[in-house]
Amino acid sequence: MSTDGVVTIGLLGCGTVGSQVVRMLSEHGDDWVARSGARLQLTGIAVRDASAERAPWVPRELLTEDAEAVIDHADIVVELIGGIEPARSYMLRALHAGGTVVTGNKALVAAHGPELHDAVQAGNGNLYYEAAVAGAIPVVYGLRESLAGDKITSVAGIVNGTTNYILDEMTTKGLGFEEALAAAQALGYAEADPTADVDGHDAAAKGAILASLAFHTRVGLDDVPTTGIRHITAADIAAARADGNVLKLLAVAQRTADGVSVQVRPTLVPQAHPLAAVRGAFNAVVVEAEAAGRLMFYGQGAGGAPTASAVLSDIVAAAGHVVRGSKAPRESAYAALPLLDPEHVPARAQVTVRLADEPGTLAAVAGIFGDQGVSIEAVRQPRVAGSPGADVIITTHTTTEAALARTVAGLEAEPTVDRVVSVTAVEGY
Ligand SMILES: NC(=O)C1=CN([C@@H]2O[C@H](COP(=O)(O)OP(=O)(O)OC[C@H]3O[C@@H](n4cnc5c(N)ncnc54)[C@H](O)[C@@H]3O)[C@@H](O)[C@H]2O)C=CC1
Ligand SMILES: N[C@@H](CC=O)C(=O)O
Ligand code: NA
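A quick note: this is a predicted structure, and the numbers were derived from the prediction, not measured.

So, how was this worked out
- Residues numbered from 1 in each chain as written.
- Chains lettered and ligands numbered in written order.
- Predicted model: local features only at pLDDT ≥ 70, side-chain atom pairs only at ≥ 80, totals over all residues.
- Heavy atoms only, no water.
- Salt bridge = Lys/Arg side-chain N within 4 Å of Asp/Glu carboxyl O.
- Helix = DSSP H or I, 4+ residues; strand = E, 2+ residues; numbered from the N terminus.
- Buried < 20%, exposed > 50% of the residue type's maximum accessible area, 1.4 Å probe, protein only.
- Axes fitted to C-alpha atoms, helices over the stretch in contact; angles between N-to-C directions.
- Parallel < 35°, antiparallel > 145°, perpendicular 65-115°, else oblique.
- Left-handed = near helix turned anticlockwise from the far one by under 90°.
- Contact = heavy atoms within 4.5 Å.
- Nonpolar A, V, L, I, M, F, W, Y, C, P; charged D, E, K, R; others polar.
- Donors = N, O, S within 2.8 Å, 3.2 Å for Na, K, Ca; no water.
- Phe/Tyr/Trp six-rings, centres within 6.5 Å; stacked < 30°, edge-to-face > 60°.
- Near = heavy atom within 4 Å.
- Polar contact = N/O pair within 3.5 Å; in protein donor to acceptor, adjacent residues only side chain to side chain.
- Areas by Shrake-Rupley, 256 points an atom, 1.4 Å probe, with all protein chains shown as cover.
- UniProt positions renumbered as here; feature names shortened; annotations may be inferred.
- Expected span 1.5 Å × (residues − 1).
- Core = buried A, V, L, I, M, F, W, Y, C linked by side-chain atoms within 4.5 Å.
- Domains from an automatic or database assignment.
- Buried area = accessible area lost by both parts, 1.4 Å probe.

How would you summarise the pattern of salt bridges if you had to cite specific residues and measurements?
With the rule as written, the count across this model stands at 21 salt bridges. One salt bridge connects Glu377 with Arg348, and the closest N-O pair in it is separated by 2.9 Å. Taken together, the residues span a long stretch of sequence, with Glu377 in strand β14 (residues 376-380) and Arg348 in the loop between β12 (346-347) and β13 (349-356) at a distance of 29 residues. Classification of Glu377 by relative accessible area gives partly exposed; the value is 40%. On the basis of relative accessible area, Arg348 is assigned to the buried category, the value being 14%.

Structure follows, in structure tokens:
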């Protein structure tokens, strides 16, 4: 910080979120002074192409293609490029020099968290990433600080706006997958490469970050079994509705006596559950803590302005630390809990099997569940007009991932089972 109370800010990337950060920084300047104790001055904006057209409020004289110069002249580096490289090298450069980094880059934090946190330690710098999880929703702060005095047992959420928007458009308007994805991209929700959204990797990165914060344990991207929504059809959506459910892409992190687990997958949520009411690109995260009980965080998880709100909250906090010479909270990974193996990961599912419509077939199927110790909660056999066989929908009680996998293998090997049509997770295990 300079002697005249100015904290300098260098921005890397000026796209959907970065341009909104520039706008917000240029407005409400007196509020930022009052809240952080410093005048926040944007001193450089590193972009890939300085001659490209920009929003009218972006000061052209600050644009440069020299990111390292921006990093080396800023008290606070705001990384909004996305992806792994060069964002990783830029952040490490700032952190090793003892600087402060604010980022919205969940892919990088989830895949290289230990390296970044170690660089914070080594350089005695600061790292903030509120925008990396659930956009505007203050869930990083909530877990890291507000709930630091409690023991969190689970975190379950809709943490990807694009996929929630797509599933919602498919559910309420009957749109096809591609049509709904194009609309999500036009609204600025999707990542530059929407594969990360629709295949669940974006939600997996956020799930890993949430689990790391909630359980004080390093959980990485590779620790999160992930299934996206690309394969979801109008028929799946209709079947969920017929059963009184809504299909949502959930990230679920759990802590049991044996360890922790995180998964991302399309999940059937009862229509009365609060997560079922999360529409459009909104996100919601439900946290269960021993003393606090159930908490729900809800809000806009994507889009330029909502995400810039989270970035500004980190910038104001970071500037306050620069002014006072204090530090951001450090990584808390002391618990180092083991990852659960599939024999211990709690699971509940709805399994649809196509059977020959003959006496005894259902009993054989029920026996396969029983052999694996999987208890059945409900069985339904909807009429399938014109089909020679019967679709039987079996909902289990809570079991384990491994027992469920063995049950499905048993069903596939059973001669009276034509095929296993689908296996879908059910909320509430
Ligand atoms: N868009 C959203 O709703 C949200 C985005 N985020 C995260 O925020 C970050 C930024 O996202 P968006 O603004 O949506 O992306 P974007 O693609 O709109 O903007 C990124 C910008 O960085 C620029 N860029 C790329 N390589 C660069 C380089 N080497 N040097 C300088 N600039 C470079 C690109 O030209 C582009 O203008 C990502 O990490 C994303 O995951 C987080 C939450 C929500
Ligand atoms: N692409 C993401 C945006 C922010 O993380 C999403 O759709 O949620
Ligand atoms: Na957030």
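Picking up after the structure, the text goes on.
Tell me about the packing of helix α6 (residues 139-146) against helix α10 (residues 201-215), and name the residues and values.
One way to put it is that α6 packs onto α10 with a least axis distance of 8 Å and a crossing angle of 20°. Between α6 and α10, the angle falls in the class roughly parallel. Relative to α10, α6 is oriented so that their crossing is left-handed. Only Leu210, Leu213 and Ala214 of α10 make contact with α6, whose side of the interface consists of Val139, Val140, Leu143 and Arg144. Taken together, the residues that form the contact of α6 with α10 break down as six nonpolar, no polar and one charged.

Pulling in residues and values, what's your account of the coordination of the sodium ion (ligand 3)?
Those protein atoms acting as donors to the sodium ion (ligand 3) are Glu130 (O), Glu130 (OE), Val133 (O), Gly135 (O) and Ile137 (O), and they sit at 2.4 to 2.6 Å. All donor residues of the sodium ion (ligand 3) come from one chain, and their arrangement in sequence is E-x2-V-x1-G-x1-I. Both residues of the pair, Glu130 and Val133, count as buried.

Tell me about the packing of aromatic side chains, and name the residues and values.
One pass over the structure, following the stated rule, counts two aromatic pairs. Ring centres 5.2 Å apart and planes at 15° place the aromatic pair Phe282 and Tyr298 in the stacked group. Separated by 16 residues along the polypeptide, Phe282 in strand β10 (residues 282-289) and Tyr298 in strand β11 (residues 293-300) bring together distant segments of the chain. Judged by relative accessible area, which is 30%, Phe282 ranks as partly exposed.

Describe in detail the site of ligand 1, supporting the description with residues and values.
The immediate surroundings of ligand 1 are formed by 21 residues, with Thr16, Val17, Lys106, Glu191 and Gly303 found nearest. In this structure, Lys106 approaches ligand 1 through a side-chain N or O atom, which is 3.1 Å from an oxygen atom. Within the backbone of Gly303, one N or O atom sits 2.6 Å away from an oxygen atom of ligand 1. In isolation ligand 1 exposes 820 Å². Once the protein is present, 83% of that is buried. Looking at the shell around ligand 1 residue by residue, the class counts come to nine nonpolar, nine polar and three charged.

Run through the UniProt feature "binding site: NADP(+)" (unreviewed entry) in the protein chain, naming residues and quoting values.
Here the UniProt-annotated "binding site: NADP(+)" (unreviewed entry) positions come out as Leu12, Gly13, Cys14, Gly15, Thr16, Val17, Gly18 and Ser19. Checked against the element boundaries, Thr16 lands in helix α1 (residues 16-26). Apart from residues lying up to four places away in sequence, Thr16 is in contact with Gly188, Gly303 and Gly304. Residue placement: Ser19 occurs in helix α1. Taking the relative accessible area as the measure of exposure, Ser19 reaches 11% and is therefore buried. Excluding residues that lie within four positions of it along the chain, Ser19 makes contacts with Cys14 and Trp57.

Let's hear about α10: which residues, and what values?
In this model, α10 (15 residues) spans 21 Å end to end at C-alpha, consistent with the 21 Å of a helix rising 1.5 Å per residue. Most of α10 is tucked away, with 14 of its 15 residues classed as buried. Residue His216 follows α10 closely and has a positive phi angle near 50°.

Tell me about the nonpolar core, and name the residues and values.
Val139, Leu143 and Ile152 are the most contacted members of the largest nonpolar core, which totals 70 residues. Per-domain counts for this core show at least three residues from each of domain 1 (6-135 + 304-324) and domain 2 (139-300). For Ile152, the residues in contact, after removing those within four places along its chain, are Leu143, Leu147, Ala214, Phe215, Arg255, Val287, Glu288 and Ala289. One finds Val17, Val58, Ile76 and Ala328 within the second-largest nonpolar core, a separate group that totals 33 residues.

So, the domain arrangement of the protein chain: which residues are in play, and what are the values?
One frequent convention defines the size of an interface as the accessible area lost when the parts assemble. Structurally, the protein chain comprises domain 1 (6-135 + 304-324), domain 2 (139-300) and domain 3 (346-426). Relative to domain 2, the C-alpha centre of domain 1 lies at a distance of 26 Å. Each partner contributes residues to the interface: domain 1 has 18 residues there, and domain 2 has 18 residues. For the pair domain 1 and domain 2, the summed buried area comes to about 1,400 Å², and 63% of that belongs to carbon and sulfur atoms. Counting every contact that joins domain 1 to domain 2 gives two salt bridges. Here Asp202 ties to Lys106 by a salt bridge, and the two come within 3.2 Å at their closest N and O atoms. Applying the counting criterion to the domain 1 and domain 2 interface returns six residue pairs in polar contact (both at pLDDT 80 or more). When residues in the side of domain 1 that touches domain 2 are grouped by element, the largest group, eight residues, is from helix α5 (residues 106-123). Its residues placed into classes, the side of domain 1 that touches domain 2 shows twelve nonpolar, three polar and three charged.

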